[in-house]
Every structure is written in structure tokens, then in C-alpha cells.
Amino acid sequence: MATAFLLPLTHLYASLQALVAWIAPRPARRDRAAARAPAPRPAPCVAAKPLRVVRVLEPSAPRTVAGRMVISGRLADVCAELDRLAALEGR
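On a predicted model such as this, the values are computed, not experimentally measured, just so you know.

**Re the overall build of the protein**
Here comes step 1: Within the protein one finds three helices and two strands.
Here comes step 2: Looking at the protein alone, contacts between residues at least 24 apart form 11% of all its contacts between residues at least 6 apart.

**Concerning the pattern of salt bridges**
Here comes step 1: Summed over the entire model, instances satisfying the criterion amount to three salt bridges.
Here comes step 2: Its salt-bridge partner being E58, residue R68 comes within 3.2 Å of it at the nearest N-O pair. Pair noted here: R68 is in strand β2 (residues 68-72) and E58 is in the loop between β1 (52-56) and β2, with a separation of ten residues, a long-range link.
Here comes step 3: The residue E81 makes a salt bridge to R84 at a minimum N-O spacing of 2.7 Å. Of the two residues, E81 and R84 both sit in helix α3 (residues 75-90), three residues apart, roughly one turn of that helix.

**What to know about a nonpolar patch on the surface**
Here comes step 1: The grouping of L19, W22 and I23 at the surface amounts to a nonpolar patch, some 390 Å² of accessible area in total.
Here comes step 2: Note that L19 resides in helix α1 (residues 2-23).
Here comes step 3: Judged by relative accessible area, which is 43%, L19 ranks as partly exposed.

**Digging into the side chain of E81**
Here comes step 1: According to the relative accessible area criterion, E81 is buried, its value standing at 13%.
Here comes step 2: Excluding residues within four positions of it along the chain, E81 makes contact with L51, V53 and I71.

**Notes on the confidence of the model for the protein**
Here comes step 1: In the predicted model, the protein carries a mean pLDDT of 76, and the fraction of residues at 70 or more is 65%.
Here comes step 2: When pLDDT is averaged over each helix and strand of the protein, the minimum, 59, is found for helix α2 (residues 32-36) and the maximum, 91, for α3.

Cut-off values and rules
Residues numbered from 1 in each chain as written. Predicted model: local features only at pLDDT ≥ 70, side-chain atom pairs only at ≥ 80, totals over all residues. Heavy atoms only, no water. Helix = DSSP H or I, 4+ residues; strand = E, 2+ residues; numbered from the N terminus. Contact = heavy atoms within 4.5 Å. Salt bridge = Lys/Arg side-chain N within 4 Å of Asp/Glu carboxyl O. Patch = residues over 30% accessible without salt bridge, like charges linked within 9 Å, V, L, I, M, F, W, Y side chains within 5 Å. Areas by Shrake-Rupley, 256 points an atom, 1.4 Å probe, with all protein chains shown as cover. Buried < 20%, exposed > 50% of the residue type's maximum accessible area, 1.4 Å probe, protein only. pLDDT = per-residue confidence, 0-100.

This is the structure in C-alpha cells:
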């Protein structure tokens, strides 16, 4: 008996959904070529910090000790500086 009561309600609900879908505005279709186009790349940050190389010498250390070196900046720049320093040491 419960199914006999619910069956007309489901048909009424489906009809109501179809009516709303017919009345409601449909979203505009996007062009397939535009949908596949890659997103524009953001402009590079102009305010990027430059590479900084700082050599720290301890006042109590003898002159033969090289001290510490702090390199900061973008990872690519730091790696390039390390490669340059390694090449200088290899000579």
C-alpha cells in the first residue's frame, strides 16, 4: 500500500524536475578549443630577492679557516652559485 502512495509522488517529483530544468536558464556552452587552451602563466614576480652570498668569519678563528658561507635566494640561483663554486674549487 505504501508503494501505491509513493509511486505517484515520484512521478510528480520527476515532472516537477523536468519543468524546472526547462524553465531554468542553461549555462552557456564553452568552445572546446578554448577549454583545451592552457591557462595563461602568471607574470614573474618583479620583486624577487636577488642571490645573496655572505661569508661569515669568526673573529677568534685562525686565518687559515675558511669560515661559514650563507647563500640565500631562489633555488635555481643557489644551485648555480654552488656549481660555480665547485668549478672554481676543481681548478
